[in-house]
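Survey of secondary and tertiary structure
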Amino acid sequence: MIRLSQMYALGQKSRGAKDISTAVYFGTFAVNQYCDGRVSNRQYATAPQVLGLPKERKPIDFTKQLPTDGRPLYLDAQATTPMDPRVLDAMLPYLTHYHGNPHSRTHAYGWESEKAMEAARKQVADLINCDPSEVIFTSGATESNNTAIKGVAHFYGAKKRHIITTQTEHKCVLASCRQLEGEDFKVTYLPVNNLGLISMEELEKAIRPDTALVTIMFINNEIGVRQPIRQIGELCKSKNIFFHTDAAQAAGKVPIDVNDLNIDLMSISGHKIYGPKGVGALYVRKRPRVRLEPIINGGGQERGLRSGTVPSPLGVGLGAACSICKQEMDYDHKWMELLSKRLMDKIYGSLDYVVRNGDPVNSYPGCINLSFAYVEGESLLMALKDVALSSGSACTSASLEPSYVLRAIGTDDDMAHSSIRFGFGRFTTMAEVDYTADHCIKNVKKLREMSPLWEMVQEGVDLKSIKWSRH
Amino acid sequence: MAISKNHVLKLYKTMLRESEKFSSYNYRLYALRRVRDTFKDGKSLTDSTEITEAVHKAEETLEIIKRQVVVGNLYAAEKLVIEKKAEKELTSRQGIRESCLDGDRNT
């Protein structure tokens, strides 16, 4: 609706209409009408049912809730990234004129879409140095992870019924493994040390003769820690076990060569690499062949591993994003290092009792997870309402529970509660980092002055020695 | 065909001018930074085919910038906090200057 009316306004303007204010007004008016109608008609399944009087939730006016002094800065690049204008430019033709189904073989509309899709597949393959036929388009990294883990487990399940993963994986990997446990598969959840890294000895010990798959993420989404993928790949190859890695946070940001690193399956997400949301890719090795049982059955697209029409505009977007990432990788990485150094120097320079969660050496510089002792993370997030930040992954940001990743690396509960993740991206500017650091320092100081715990620490009381009485 | 220094300079200026038009703060500053750094890196190129290639690529990018500026302006969003803050500071500074000038005139 909004698009249509705006297009209409634009058309009026291009036709030389002098006064477009009415048309624009019509646009906003139409939007309000539309939203109102939809929200008030909705029935909430969880809403308490009052007899006689169905309770209706007031429609939320999102325009009023925005802070009036401008939109917040975006520093949550691990949750998602804005789309690169170059990606949108590549996609737009396929969102408008070239609308064919890429699997249609009988007419030109299908051929042109198929050509674009295959070109995009080649771009994804070039980023990770594999053959284009080894890339499968999916709806995102969650689907890729599900397909890889469940697919391998189900296909080889007759003989091999053991899977190895880590405690700091993304929720979709852990949930897939839980699901398989329900089907009588055995899963080993490897612990990590206090830096967030797994130990190779423990991994080797955990391998059994019936291990089908090792799945370990490349870069952690919450603490930015980079696992020793090369060593894991070598170990898995020597033991003849398939190795899957969730590279949603790593692809396009650090160099990856699936042949060099001995990766058999790899998940990529589009919207973490400045591409569109709703598209991802799964790399499935052909030599030696990894076989999967598909989750989605149907028309047999994507080598039968993921049926369903490939969304050609999204595929083109993913391809363009991968090709830009390949071209800009060094430049972006240098910028990330510069920004993270700036933030760390500023914060460490003026605040004490700040701990960086995760290994500072084996990590991606665009993700910094800091714990501010004696400050409650949620209140700091509230105080920093001008900056879009998160205390952990976006999937769990609705709950106030401390992150399971921080718990897995042995962070104390109070420190886990006071964590904030700073995520930088290609479009983050130095001024944004300065603003964030300054506000963060100011607010941490303010919140600490209000805290009785901080007062006690200043007086030299060891908080760990206090026995809090129970009421 | 060799590419003249004038042509490259003109292209550089046009790209910066077009990048300035991005309505999104983040895209604008990225485009400016990237264009400046690309041309700075390009200074060291000596091989004429390499230069031609780089110039062609820049020309293509210029077209993308021009198109995306239009698209971005169609769906422009509210300005960011730091942009508004900078604007406020600028207007208040101008206000002070004007009041000073007024004061001068009065005395």
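What this report covers is the structure whose coordinates are included nearby. None of the values given here were measured: they were computed from a predicted structure.

Some details on the overall build of chain B
Counting secondary structure elements, chain B contains four helices and zero strands. By residue count, 26% of the 107 residues in chain B fall in the buried class. Contacts in chain B between residues far apart in sequence, at least 24 positions, make up 68% of those at least 6 positions apart. For chain B, the accessible surface area stands at approximately 7,500 Å², while carbon and sulfur atoms represent 56% of it.

A short note on the interface of chain B and chain A
Taken together, the contact pairs 24 residues of chain B with 31 residues of chain A. The junction of chain B with chain A conceals about 2,500 Å² of combined surface from both sides, 59% of it contributed by carbon and sulfur atoms. Together, Tyr30, Arg33 and Val81 of chain B form the three largest contributors to the area buried by chain B at its contact with chain A, with a combined 24%. Our count for the chain B to chain A interface comes out at two salt bridges. The salt bridge partner of Asp89 of chain A is Arg67 of chain B, with a shortest N-O separation of 2.6 Å. For the pair chain B and chain A, the number of links is 14 residue pairs in polar contact (both at pLDDT 80 or more).

A word on the sheet that holds strand 7 (residues 265–269) of chain A
Residues and elements named next belong to chain A. Pairing is mixed across the open sheet formed by seven strands, whose spatial order is 2-8-7-6-5-3-4. Among the strands making up the open sheet, the edge pair consists of strand 2 (135–138) and strand 4 (186–190). Adjacent strand axes in the sheet meet at a mean angle of 20 degrees, parallel and antiparallel pairs treated alike. Sheet topology places strand 5 (residues 211–215) next to strand 6 (residues 242–246); three bridges connect them, and they run parallel. Bridging across to strand 6, Thr215 finds its partner in His244. Where helix 5 (residues 108–128) meets the sheet, it contacts strand 2, strand 7 and strand 8 (280–284), and its direction lies at approximately 115 degrees from that of strand 2.

Observations concerning the nonpolar core
What tends to happen in soluble globular proteins is that the nonpolar side chains get buried as a cluster. All names here are of chain A. Of all hydrophobic cores here, the largest spans 96 residues; its most connected members are Phe218, Ile256, Ile347, Phe372 and Phe422. Take this core: its biggest share by element is 14 residues, from helix 10 (residues 312–350). Residues contacting Ile347, with those up to four places away along its chain left out, are Val354, Leu370, Phe372, Phe422, Cys440 and Ile441. Cys172, Leu213, Phe242 and Leu292 belong to the second largest nonpolar core, which has 21 residues in total.

Considering the pairing of strand 5 of chain A
Two faces make up the sheet, and in a regular strand the side chains alternate between them. By the criterion of burial, strand 5 of chain A is predominantly enclosed, with five of the five residues buried. Viewed along the sheet, the connection from strand 5 of chain A through helix 9 (residues 229–239) of chain A into strand 6 of chain A turns out right-handed.

Details of the packing of aromatic side chains
Aromatic rings in a pair are described by how distant their centres are and how their planes are angled relative to each other. All names here are of chain A. Inspection of the entire model under this criterion finds eleven aromatic pairs over all chains. Measuring from ring centre to ring centre gives 5.7 Å for Tyr374 and Trp454, while their planes differ by 50 degrees; the resulting arrangement is tilted. Taken together, the positions of Tyr374 in the loop between strand 10 (367–372) and helix 11 (377–383) and Trp454 in helix 15 (residues 452–458) put the pair 80 residues apart, joining distant regions of the chain. With relative accessibility at 25%, the residue Tyr374 sits in the partly exposed group.

Calculation notes
- Residues numbered from 1 in each chain as written.
- Chains lettered and ligands numbered in written order.
- Predicted model: local features only at pLDDT ≥ 70, side-chain atom pairs only at ≥ 80, totals over all residues.
- Heavy atoms only, no water.
- Helix = DSSP H or I, 4+ residues; strand = E, 2+ residues; numbered from the N terminus.
- Buried < 20%, exposed > 50% of the residue type's maximum accessible area, 1.4 Å probe, protein only.
- Contact = heavy atoms within 4.5 Å.
- Areas by Shrake-Rupley, 256 points an atom, 1.4 Å probe, with all protein chains shown as cover.
- Buried area = accessible area lost by both parts, 1.4 Å probe.
- Salt bridge = Lys/Arg side-chain N within 4 Å of Asp/Glu carboxyl O.
- Polar contact = N/O pair within 3.5 Å; in protein donor to acceptor, adjacent residues only side chain to side chain.
- Pairing = 2+ DSSP bridges.
- Axes fitted to C-alpha atoms, helices over the stretch in contact; angles between N-to-C directions.
- Core = buried A, V, L, I, M, F, W, Y, C linked by side-chain atoms within 4.5 Å.
- Right-handed = clockwise from strand over helix to strand, strands pointing away.
- Phe/Tyr/Trp six-rings, centres within 6.5 Å; stacked < 30°, edge-to-face > 60°.

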